[in-house]
Amino acid sequence: MNDTARASQPSSPVATRTDPRGLAAAASAFFIWGLLPLYLKLLHAVPVVQITAYRLVWGCLFAFLWLRLRGEVGQVRAALSNPTTRWRLFASATLISINWLTYVYGIAANRVVETSLGYFINPLVNVLLGVLLLSERLNAAQWTAVTIAAAGVAWLTWTAGHPPWISLTLAFSFGLYGLVRKVISVDALAGFASETLLLAPLGIAYIVWCEVAGSGILLTGGDLNLLLMIGGPITAIPLVLFAFGARRIPYSTVGLLQYIGPTIQMFLAVFAFGEPFSGPRVAGFVLIWTALALYAGDGIWRARKMPA
């Protein structure tokens, strides 16, 4: 089997060793996501829900064009013809749509620091999901990391007077999305095309409704329409890379790589967008970063102890 054919085959739902292609794909996805605020800031004139609707529609069209060029459109038909797979894809599509809406809102509301916090928390959410849903067991270091992170979130909640709902929604929606996609035996690109196809009718209906109501930008958007069209590949490519990588490397490795995106977002928030980052917020982040360092260090130490 040649490399192209092998890459198109679904891998085992649970990877126990790191595939270099999967590692590179997942790392690239998180790097792109880290830079995504720069793109979304250009769409500040477009309402949040409309941005999400256009991402669905253009992402779906881009994915099917990509599949057409690869001669793999039939994979979508096969995936959606299986009731169990169809419902799982609908669940993953719903989760990633919630994640998109929350993320775009956070960027539009100039709360990029909070969106970055969501993705800093997410690796530890993955650990909790593994315990609660996959019956995984944590060692003492991992439990300590989760406890410290929980203390950081509690501190941020107390000092702000309300839970960091943007951060928590992003962390849990993306953690659950990754978990669902990991157990769906569908190729990464076909899976994304299937997800967006399931929800694209809602996106199209909303875009049409906005145009009829006079709040749409399709007929008057000018350069905004081009930017929204670019959102198709910007949305599809990292999600496909993530789905490809997540199913070919251990889930703990996915968690480690996930630090790339929020680190880039944090730097953009503070140094490019001028968002405040001082006082109690710093203390809360330090607790979470400490938890992440402990978790990452434990993972690296255990990986070195494993036989080659």
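Scope of this entry: the structure provided in the associated data block. (Residues numbered from 1 in each chain as written. Predicted model: local features only at pLDDT ≥ 70, side-chain atom pairs only at ≥ 80, totals over all residues. Heavy atoms only, no water.)

1. Description of the overall build of the protein
Reasoning step 1: Helices and strands together make up the secondary structure of the protein, namely 13 helices and zero strands.
Reasoning step 2: Taken against the 2.2 N^0.38 rule, which gives 19 Å for 308 residues, the C-alpha radius of gyration of the protein at 20 Å falls within 12% of a compact globule.
Reasoning step 3: When burial is assessed residue by residue, the protein has 49% of its 308 residues classed as buried.
Reasoning step 4: Within the protein, counting contacts between residues at least 6 apart in sequence, those at least 24 apart form 87% of the total.
Reasoning step 5: Each charge class in the protein was averaged separately, 20 positive and 11 negative side chains, and the resulting centres sit 8 Å apart. (Helix = DSSP H or I, 4+ residues; strand = E, 2+ residues; numbered from the N terminus. Rg over C-alpha atoms; globule rule 2.2 N^0.38 Å. Buried < 20%, exposed > 50% of the residue type's maximum accessible area, 1.4 Å probe, protein only. Contact = heavy atoms within 4.5 Å. Lys, Arg positive; Asp, Glu negative; His and termini not counted. Charge placed at Lys NZ, Arg CZ, Asp CG, Glu CD.)

2. Some words on the packing of helix 6 (residues 112-134) against helix 12 (residues 260-272)
Reasoning step 1: Interhelical geometry of helix 6 versus helix 12 gives an angle of 165° and a closest axis separation of 8 Å. Classified by the interaxial angle, the pair formed by helix 6 and helix 12 is roughly antiparallel. The chirality of how helix 6 crosses helix 12 is left-handed. For the pair formed by helix 6 and helix 12, the contact residues are Val112, Val113, Thr115, Ser116, Tyr119 and Phe120 on the first element and Pro262, Thr263, Gln265, Met266 and Ala269 on the second.
Reasoning step 2: Each residue belonging to the contact of helix 6 with helix 12 can be placed in one class, and the counts come to seven nonpolar, four polar and no charged. (Axes fitted to C-alpha atoms, helices over the stretch in contact; angles between N-to-C directions. Parallel < 35°, antiparallel > 145°, perpendicular 65-115°, else oblique. Left-handed = near helix turned anticlockwise from the far one by under 90°. Nonpolar A, V, L, I, M, F, W, Y, C, P; charged D, E, K, R; others polar.)

3. Details of the pattern of salt bridges
Reasoning step 1: Under the defined criterion, the tally for this structure stands at four salt bridges.
Reasoning step 2: Between Arg70 and Glu72 there is a salt bridge, with its nearest N and O atoms 3.1 Å apart.
Reasoning step 3: Judged by its relative accessible area of 12%, Glu72 falls in the buried class.
Reasoning step 4: Between Arg111 and Glu114 there is a salt bridge, and its shortest N-O distance comes to 2.9 Å. Like Glu114, Arg111 is buried. (Salt bridge = Lys/Arg side-chain N within 4 Å of Asp/Glu carboxyl O.)

4. Some points on the packing of aromatic side chains
In this description, a pair of aromatic rings is defined by centroid distance and the angle of the planes.
Reasoning step 1: Inspection of the entire model under this criterion finds 20 aromatic pairs.
Reasoning step 2: When the centroid spacing of 6.0 Å and the interplanar angle of 80° are considered together, the rings of Trp87 and Phe90 count as edge-to-face. A residue pair is termed a helical-turn pair when its members lie 3 or 4 positions apart in one helix, as Trp87 and Phe90 do in helix 5 (residues 83-108) at three residues.
Reasoning step 3: Feature note: the residues Phe30, Trp33, Tyr103, Tyr119, Phe174, Tyr177 and Phe242 constitute an aromatic cluster, connected by ring pairs.
Reasoning step 4: If you follow Arg248 out to its NZ or CZ, it ends over the ring of Phe244, 3.9 Å from the centre. (Phe/Tyr/Trp six-rings, centres within 6.5 Å; stacked < 30°, edge-to-face > 60°. Lys NZ or Arg CZ within 6 Å of the ring centre and 35° of its normal.)

5. Quick look at the environment of Ala213
Reasoning step 1: Here Ala213 is to be found in helix 9 (residues 188-213).
Reasoning step 2: In sequence terms Ala213 and Leu101 are 112 residues apart; their C-alpha atoms lie 21 Å from each other.

6. Structural notes on unusual backbone geometry
Note: most peptide bonds trans; most residues except glycine with negative phi.
Reasoning step 1: In this structure, Asn110 is a non-glycine residue whose phi angle is positive, near 60°.
Reasoning step 2: Positionally, Asn110 belongs in the loop between helix 5 and helix 6.
Reasoning step 3: Looking at Asn110, the relative accessible area reads 48%, which means it is partly exposed.

7. Describing helix 7 (residues 140-160)
Reasoning step 1: Taking 1.5 Å of rise per residue, 21 residues should cover 30 Å, and helix 7 covers 30 Å from first to last C-alpha, within 8% of that figure.
Reasoning step 2: Within helix 7, the full set of buried residues consists of Gln142, Ala145, Val146, Ala149, Gly152, Val153 and Leu156. Axial view of helix 7: buried residues confined to an arc of 115°, hence all on one face. Exposed and oriented more than 90 degrees from the buried face of helix 7 are Ala140, Thr147 and Trp158.
Reasoning step 3: Trailing helix 7 by a residue or two, Gly161 shows a phi angle of about 85°, which is positive. (Expected span 1.5 Å × (residues − 1). Arc of directions from axis to C-beta.)

8. Topic: the packing of helix 3 (residues 48-70) against helix 5
Reasoning step 1: As a packed pair, helix 3 and helix 5 sit with axes 9 Å apart at the nearest point and diverge in direction by 135°. In terms of their interaxial angle, helix 3 and helix 5 are classed as oblique. Our pair here, helix 3 against helix 5, has a crossing hand that is right-handed. On the side of helix 3, the interface is formed by Val48, Val49, Ile51, Thr52, Arg55 and Leu56, while helix 5 contributes Ser97, Trp100, Leu101, Val104, Tyr105 and Ala108.

9. With respect to the nonpolar core
Reasoning step 1: One finds Phe30, Trp33, Leu40, Leu43, Phe174, Phe242 and Ile288 to be the most contacted residues of the largest nonpolar core, which totals 82 residues.
Reasoning step 2: Looking at this core, the element that brings in the most residues is helix 6, giving ten residues.
Reasoning step 3: Phe30 has contacts with Phe174, Phe242, Val254, Leu257, Gln258, Ile260 and Gly261, leaving out every residue within four places of it along the chain. (Core = buried A, V, L, I, M, F, W, Y, C linked by side-chain atoms within 4.5 Å.)

10. A look at the state of the cysteines
Reasoning step 1: Scanning the model with the defined rule gives zero disulfides in all.
Reasoning step 2: Not part of a disulfide, Cys60 finds its nearest cysteine sulfur in Cys210, a span of 19 Å. (Disulfide = S-S within 2.5 Å.)

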